[in-house]
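Chain by chain, the residues:
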Amino acid sequence: MNGLINSLAIIGVGLIGSSLALSLKQSGYVKRVTGYGRSEASLQKGLELGVLDDYSLSLTDAVSAADVVIVAVPLGAMAGVFKQMQPALKATAIVSDVGSVKASVVQDARAGLADAFVRFVPGHPIAGSEHSGVEAGFASLYQGRKTILTPLEETSGDALQVIDAMWRATGALVENMDVDHHDRVLAATSHLPHMLAFSLVSHLSKLSEQDEIFDYAAGGFRDFTRIASSDPVMWRDICLANGSALLELIDGFKAELDQISGSIRGQNPDALLEFFRHSKHTRDQLRNL
Ligand code: NAP
């Protein structure tokens, strides 16, 4: 394959899959996009929105002519998808994914793809939103954002090159990373913050003054809790797939909260000031945000 992709299959045409398809179609990097999902209404919408050229409700039919297959379903559905598609893949087909956790996907792909596993390139675009579904997709989602690839020792260099070039064609900045390192880093920068947003909203929803509290919520609350509107299935799967890294971080975070509680109880202004100064200094240095 030299640059352009003739036939791309998107398995799971939601926010991430449809944004990739739109971007690659608009730039002319891909000639034909076939979609697969469970709901025909969503796939039909994909046709109307110009995300797809055609679709199938059969996974094997959807991948059978594809040069590149991108798996963009929730993590809990990956194992079944890899296993089911494997017999229908072309001998040269390259498979990649967009899952938010990489060790679990690599395990699922290794088990399901058999000989095709050497042409599997694990990937994760660090871009998204709290919205889901085909209608949430937009072509510029990956522009200027990072996409992390976590190739393994056995990953074919040619397959890696094709997936790397495909993401660059969306305007993404591609980086390679070790699988476990990816999962630890993302647990800290994405998975823990989502847990904090979900638990804050949950906690406030149980207070008796709930309605009044939400009436007085302002910009800070809106910014902090926006991601608590994210898809529950996706986050259930991420928690289960990246449990050990996430549990370690949750314990560490509880200790930080305990430190604040201790300083309040002990009426210790210096400790509070030092705590907030340190965090403000750290946040102020993050020029990429
Ligand atoms: P989404 O908008 O909900 O799309 C998921 C798609 O997968 C849906 O179109 C759904 O279509 C299909 N699907 C769901 N369960 C399925 C199953 N059991 N078998 C086959 N298809 C199924 O989700 P998304 O945000 O695009 O996320 C997709 C993947 O990207 C996830 O692995 C997630 O971890 C990763 N990711 C998400 C973000 C983000 O911010 N959202 C960022 C980076 C990576 P049907 O219901 O029609 O089957």
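Here the structure is a predicted model, which is why all the values come from computation and not from measurement.

**Points about the site of the ligand**
And then number 1: Taken together, 26 residues surround the ligand, and among them Arg38, Ser39, Val73, Ser100 and Gly133 come closest.
And then number 2: With respect to the ligand, the backbone of Arg38 contributes an N or O atom lying 2.7 Å from an oxygen atom.
And then number 3: Between the ligand and Ser100, the relevant distance is 2.6 Å, taken from an oxygen atom to a side-chain nitrogen or oxygen of the residue.
And then number 4: Starting from 880 Å² of accessible surface for the ligand in isolation, the protein chains cover 85%.
And then number 5: For the shell around the ligand, the elements supplying multiple residues, two or more each, are α1 (15–26), α4 (75–85) and β7 (123–125).
And then number 6: With three residues, α4 is the single largest residue contributor to the shell around the ligand.

**Here's the deal with the environment of Ser42**
And then number 1: Along the chain, Ser42 turns up in helix α2 (residues 40–48).
And then number 2: Residue classification places Ser42 among the partly exposed positions, given a relative accessible area of 33%.

**Regarding the pattern of salt bridges**
And then number 1: Following the criterion strictly, the structure yields 11 salt bridges and no others.
And then number 2: Close ionic contact of Arg236 with Asp237 constitutes a salt bridge, the shortest N to O distance being 2.9 Å.
And then number 3: Residue class for Asp237 comes out buried when judged on its relative accessible area of 7%.

**A short note on the environment of Met234**
And then number 1: By the secondary structure assignment, Met234 is in helix α10 (residues 232–241).
And then number 2: Put simply, Met234 and Gly14 are 220 residues apart on the chain and 12 Å apart in space, counted from C-alpha to C-alpha.

**A few points about the domain arrangement of the protein chain**
And then number 1: As far as domains go, the protein chain holds domain 1 (5–177) and domain 2 (181–284).
And then number 2: Taken over C-alpha atoms, the centre of domain 1 sits 31 Å from the centre of domain 2.
And then number 3: If you look at the interface, domain 1 gives 15 residues, while domain 2 gives 15 residues.
And then number 4: For the domain 1 and domain 2 pair, buried surface summed over both sides reaches about 1,200 Å², with 68% attributable to carbon and sulfur atoms.

**Some points on the sheet that holds strand β6 (residues 120–121)**
And then number 1: Strand order in this open sheet of six strands is β3-β2-β1-β4-β5-β6, and the pairing throughout is parallel. Each having just a single partner strand, β3 (54–56) and β6 make up the two edges of the open sheet.

**A word on the packing of helix α7 (residues 179–205) against α10**
And then number 1: Running from N to C, α7 and α10 cross one another at 125°; their axes reach a closest spacing of 11 Å. On the basis of their axis angle, the class for α7 and α10 is oblique. In this structure, α7 crosses over α10, and the sense of that crossing is left-handed. Contact with α7, carried on its side by Ser190, His191, His194, Met195 and Phe198, involves Trp235, Ile238 and Cys239 of α10 and no other residues of that element.

**Considering the nonpolar core**
And then number 1: Within the largest apolar cluster, 37 residues are counted, with the highest numbers of intra-cluster contacts made by Leu8, Val68, Ile70, Ile163, Met166 and Trp167.
And then number 2: Mapped by element, the contributors of at least two residues to this core are β1 (5–11), α1, β2 (30–36), β4 (68–71) and α6 (157–169).
And then number 3: Ignoring any residue separated from it by four or fewer positions in sequence, one finds Leu8 in contact with Leu24, Val30, Arg32, Val33, Thr34, Val68 and Ile70.

**Observations concerning the pairing of β1**
Across a regular strand the side chains alternate sides, sitting on one face of the sheet and then on the other.
And then number 1: By the criterion of burial, β1 is predominantly enclosed, with six of the seven residues buried.
And then number 2: Here β1 pairs with β2 via six bridges, running parallel. In the strand pairing of β2, Ile10 is matched with Gly35.
And then number 3: Note that the unit made of β1, α1 and β2 has a crossover that is right-handed.
And then number 4: One ladder, built from four bridges, connects β1 with β4; its direction is parallel. In the strand pairing of β4, Ile10 is matched with Ile70.

Cut-off values and rules
Residues numbered from 1 in each chain as written. Predicted model: local features only at pLDDT ≥ 70, side-chain atom pairs only at ≥ 80, totals over all residues. Heavy atoms only, no water. Near = heavy atom within 4 Å. Polar contact = N/O pair within 3.5 Å; in protein donor to acceptor, adjacent residues only side chain to side chain. Areas by Shrake-Rupley, 256 points an atom, 1.4 Å probe, with all protein chains shown as cover. Helix = DSSP H or I, 4+ residues; strand = E, 2+ residues; numbered from the N terminus. Buried < 20%, exposed > 50% of the residue type's maximum accessible area, 1.4 Å probe, protein only. Salt bridge = Lys/Arg side-chain N within 4 Å of Asp/Glu carboxyl O. Domains from an automatic or database assignment. Contact = heavy atoms within 4.5 Å. Buried area = accessible area lost by both parts, 1.4 Å probe. Pairing = 2+ DSSP bridges. Axes fitted to C-alpha atoms, helices over the stretch in contact; angles between N-to-C directions. Parallel < 35°, antiparallel > 145°, perpendicular 65-115°, else oblique. Left-handed = near helix turned anticlockwise from the far one by under 90°. Core = buried A, V, L, I, M, F, W, Y, C linked by side-chain atoms within 4.5 Å. Right-handed = clockwise from strand over helix to strand, strands pointing away.

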